[in-house]
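The residues making up each chain are set out below.
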Amino acid sequence: MTKQTISVQLSQTKKQKPDPNRLEFGRVFTDHMFVMDYSAENGWHDPRIVPYQPIEMDPAAMVYHYGQSVFEGLKAYVSDDGKVLLFRPEKNVERLNKSNDRLCIPRVDPDTVLDGLKQLLQIEKEWIPAAEGTSLYIRPFIISTEPYLGVAPSKTYKLLIILSPVGSYYKEGIQPVKIAVESEFVRAVTGGTGNAKTAGNYAASLKAQEVAESKGFSQVLWLDGVEKKYIEEVGSMNIFFKIDGEIVTPALNGSILEGITRNSVLYLLKQWGLPVTEKKISVDELIQAHKDGLLEEAFGTGTAAVISPVGELIWKDESLVINGGETGEIAKKLYDTITGIQKGALPDPFGWTVEVDTVTQSC
Ligand code: COI
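Parameters at a glance
Residues numbered from 1 in each chain as written. Predicted model: local features only at pLDDT ≥ 70, side-chain atom pairs only at ≥ 80, totals over all residues. Heavy atoms only, no water. UniProt positions renumbered as here; feature names shortened; annotations may be inferred. 1 Å grid on protein atoms, 1.4 Å probe; cavity = no way out; pocket = protein on both sides within 12 Å on 5 of 7 lines; lining within 4 Å. Points joined across faces, edges and corners; volume = space filled by probe spheres on them. Nonpolar A, V, L, I, M, F, W, Y, C, P; charged D, E, K, R; others polar. Helix = DSSP H or I, 4+ residues; strand = E, 2+ residues; numbered from the N terminus. Salt bridge = Lys/Arg side-chain N within 4 Å of Asp/Glu carboxyl O. Phe/Tyr/Trp six-rings, centres within 6.5 Å; stacked < 30°, edge-to-face > 60°. Lys NZ or Arg CZ within 6 Å of the ring centre and 35° of its normal.

Looking at an unreviewed UniProt entry, the chain carries the name Branched-chain-amino-acid aminotransferase, with the source organism given as Bacillus sonorensis L12. Here is the UniProt Cofactor (unreviewed entry) comment for the chain, exactly as written: "pyridoxal 5'-phosphate". Quoted straight from UniProt, the Sequence similarities (unreviewed entry) entry for the chain says "Belongs to the class-IV pyridoxal-phosphate-dependent aminotransferase family."

In total, this model carries two cavities of 30 Å³ or more according to the counting rule given. Size it by volume and the largest cavity reaches roughly 110 Å³. Forming the walls of the largest cavity are 14 residues, and the residues nearest its centre are Leu74, Phe87, Thr261, Thr303 and Gln342. Residue classes in the lining of the largest cavity are distributed as six nonpolar, seven polar and one charged. Put simply, the second largest cavity is a space of about 70 Å³. Around the second largest cavity, the lining residues are Glu72, Leu74, Pro89, Asn92, Val93, Leu96, Val113, Leu114, Leu117, Pro140 and Ile161. Listing elements by their share of the lining of the second largest cavity, those giving two or more residues are helix H2 (89-102) and helix H3 (110-124). Of the residues assigned to the lining of the second largest cavity, the class counts are nine nonpolar, one polar and one charged.

The next thing to look at is the pattern of salt bridges. Considering all chains together, one arrives at 17 salt bridges under this definition. The partner of Lys91 in a salt bridge is Glu94, and the shortest N-O contact between them spans 4.0 Å. With Lys91 and Glu94 both in helix H2 and three residues apart, the pair spans about one turn of that helix. As a salt-bridge pair, Lys98 and Glu258 come within 3.3 Å of each other at their nearest N and O atoms. Here Lys98 is found in helix H2, whereas its partner Glu258 is found in the loop between strand E13 (246-250) and helix H5 (260-271), with 160 residues between them in sequence.

Geometry of an aromatic ring pair is reported as the spacing of the ring centres plus the angle between the planes. Under the definition given, this model contains eleven aromatic pairs. Geometrically, the ring pair formed by Phe350 and Trp352 is tilted, given 4.5 Å between the ring centres and 40 degrees between the ring planes. Through a chain of ring-to-ring contacts, three or more aromatic side chains come together here, namely Phe87, Tyr267, Phe350 and Trp352. Taking the ring centre of Tyr52 as reference, the NZ or CZ of Lys15 above it sits at 4.4 Å.

Spelled out as structure tokens, the structure:
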């Protein structure tokens, strides 16, 4: 695939920017967006930056009926010296294409998408909030647009990238959350779409989330869809535990999302010389570890929250308070290190950050 030239149409009006100290997650959107279309005849074509606007679609568009869609999430930061930084964006495009494969959506050219994103950020630089704990959340997504009610892969698609200045994902921020172990509903099964970032997985998670929230929990801990015995994810994040000095996370098995933060956490822990293992972890062994006083920490990892400590787990009628309900040492160190690298406040020995050139605008 060859990189394509991106056309730019600037907005005539500018929206008022939100108060950076009162940002929520994903409620406000910037002035422009990136769009690209796919048709069987032309492949992915017409990459363009246009004013942020509603998209007009036929009511029969296949995404409305059969949910053939994929998405990504990443963030842009502005460093203290004014650099615009992305965190491992090539990993998101790589995962987007893996999700595309699973959902029968044609692959995108990574260079065109990354170029489109960088050009969009050049235009929207002023929207990147600088306050502690804030960033510009980037949401690339693809939807099937063919008006057809037969169950088949669509012949046309639209890729969009929208941007949203955000604060912390959970109202608790980096404070520990209370999680219910989910024993009725499942999020995904092996052979299903659990390892693809597709809308249906999130729709399938809502019922459990709603029930958990009504009982005062922030999220649920998902178990495997076959035996309901092995731990998979927490809410929309990957999960890590520290048990008797060893850090463990569920091994990827086809139904667990291959998180980019998960991957970065594994890398950092190994760099720090800490014992870390990817393996099957049963809820029974977790409860036993807690009874034995060996469950030292639990935390979720994801782009939106980065690191989210778990202070309490509820399983049936049992409550497992972890680390006295406080943020653990490892979770805190990981949060500070990852956000420090992301914001350019700490050195980046791994070459994870990508600077967006905001001096020479190509539009
Ligand atoms: C993330 O943790 O980045 C997620 O996937 C959450 C997102 C769906 C808002």
